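# Observations on the three-dimensional arrangement
Spelled out, the chains give:
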Amino acid sequence: MTYRNNGKKNTEEMYDAIASEYDSVYYQKKIENIILAEDMALQKMIPYYGGEVLDLGCGTGYFLDLFHVSDKSTYFGLDISQNMIDVARKNHEGFNFFRADALSFSTYSLLLQKRTLTEPRHYDLVVSLFSIPDYCGLDVVGKAYDFLVKGGTFVSTFINKTGGYEKIFCLEENGFDYKPQAFTYEEIQSAFKKAGYGVFYISGFSHNALSNKEDPVDMCDLILRNKDWLLDDCKYYFAMAKKT
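Residues numbered from 1 in each chain as written. Predicted model: local features only at pLDDT ≥ 70, side-chain atom pairs only at ≥ 80, totals over all residues. Heavy atoms only, no water.

## Here's the deal with the overall build of the protein chain
Counting its secondary structure elements, the protein chain contains ten helices and nine strands. Expressed as a percentage of its 244 residues, the buried residues of the protein chain come to 52%. Across the protein chain, contacts joining residues at least 24 apart in sequence account for 72% of those joining residues at least 6 apart. Carbon and sulfur atoms make up 49% of the accessible area of the protein chain, which totals about 11,400 Å². (Helix = DSSP H or I, 4+ residues; strand = E, 2+ residues; numbered from the N terminus. Buried < 20%, exposed > 50% of the residue type's maximum accessible area, 1.4 Å probe, protein only. Contact = heavy atoms within 4.5 Å. Areas by Shrake-Rupley, 256 points an atom, 1.4 Å probe, with all protein chains shown as cover.)

The structure is reproduced here in structure tokens:
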């Protein structure tokens, strides 16, 4: 099937179709040392120290695979695919997962799904990892700003227009030809400025020249050491911003 950035409906249809196989495909890839190295690097780069977390485009619960969240009531995962949400709930029992379009919902909509909430929430950390910008563009930058408490942090990844992926492997291997959106450093920088973040930081993340034959710990160290100068040939940009 061919889908080429035709909006959220196609994104929902694609991930509903592959949800039951998504983890088996993704975690098969996790055997590869490069993926392990990227996961270890994210664990060091993302400033999670507890507090309220909103995970935009949560999929099957990737953030919870990276970090131990001791208080389940502080985590809220959103995804447009109901089938992905169903898998996430099985993977991470007791955590809060909701089917929602992350770019159009308000925190009031969570009140309708989880009646124990008494007021709209704002969050200490909002994340969107390998997800929404690939499909819906840079609007997520401003949307995340609205969800943050003052002093809160937004973390996201963006495919590099000059060095990133042309296709998304979990879709391609299931018969979907989908070209994700990718961005330049300048486009991402402009989006953060426009949204009003007082402080933001954009670096390269991972590198096309990494070899799966290398030790993942060594590659993790390489990613962390080189993140500030591999802007032209990185696979992704890693962006972190604070609402001041």
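After presenting the structure, the write-up continues.
## Thoughts on the environment of Phe238
Among the secondary structure elements, Phe238 is positioned in strand β9 (residues 236–242). Between the C-alpha atom of Phe238 and that of Tyr201, which follows or precedes it by 37 residues, the distance is 8.2 Å. If we skip the residues at most four places from it in the chain, Phe238 touches Leu42, Met45, Ile46, Val155, Ser156, Tyr201, Ile202, Ser203 and Phe205.

## Quick look at the sheet that holds strand β4 (residues 96–99)
The mixed open sheet is built from seven strands, whose spatial order is β4-β3-β2-β5-β6-β9-β8. Lying at the two open borders of the sheet, with one neighbouring strand each, are β4 and β8 (199–205). Going across the sheet, the axis of each strand differs from the next one's by a mean of 15°, ignoring polarity. Bridge count between strand β6 (residues 148–159) and β9: seven bridges; the pairing is antiparallel. Bridge assignment links Phe158 to a residue of β9, and that residue is Tyr237. (Pairing = 2+ DSSP bridges. Axes fitted to C-alpha atoms, helices over the stretch in contact; angles between N-to-C directions.)

## Let's talk about unusual backbone geometry
The phi dihedral of Phe130 is positive, around 50°, even though this residue is not glycine. Position of Phe130 relative to the elements: it lies in the loop between β5 (123–128) and α6 (132–136).

## Things to note about the nonpolar core
With 33 residues, the main nonpolar core has Ile46, Phe63, Tyr75, Phe97, Leu125, Leu129 and Phe205 as its most contacted residues. Contributing elements (two or more residues each) for this core: α2 (33–45), α3 (62–66), α4 (82–91), β5, β6, α10 (216–226) and β9. A per-element tally of this core places α2 first, with five residues. With 29 residues, the next largest nonpolar core counts Ala100, Ala144, Phe183 and Cys234 among its residues. (Core = buried A, V, L, I, M, F, W, Y, C linked by side-chain atoms within 4.5 Å.)

## What about the packing of aromatic side chains?
Under the counting rule described, the total for this entry stands at 20 aromatic pairs. Geometrically, the ring pair formed by Phe154 and Phe192 is tilted, given 6.1 Å between the ring centres and 35° between the ring planes. One end of the pair, Phe154, is in strand β6; the other, Phe192, is in helix α9 (residues 185–195), with 38 residues separating them in the sequence. Grouping residues by exposure puts Phe154 and Phe192 together as buried. Aromatic side chains Tyr185 and Tyr237 sit 6.1 Å apart centroid to centroid with 65° between the ring planes, which places their arrangement in the edge-to-face category. Residue Tyr185 is located in helix α9, and its partner Tyr237 is located in strand β9; the two are separated by 52 residues in the primary sequence. According to the relative accessible area criterion, Tyr237 is buried, its value standing at 3%. (Phe/Tyr/Trp six-rings, centres within 6.5 Å; stacked < 30°, edge-to-face > 60°.)

## Remarks on α9
Taken as a whole, α9 has its buried residues at Ile188, Ala191, Phe192 and Ala195. Viewed end-on, α9 has its buried residues packed into an arc of 95°, placing them on one side of the element. Residues of α9 that are exposed and point more than 90 degrees away from the buried face comprise Glu186, Lys193 and Lys194. Summarising the contacts, the buried residues of α9 are in contact with α7 (139–147), β6, β8 and β9. (Arc of directions from axis to C-beta.)

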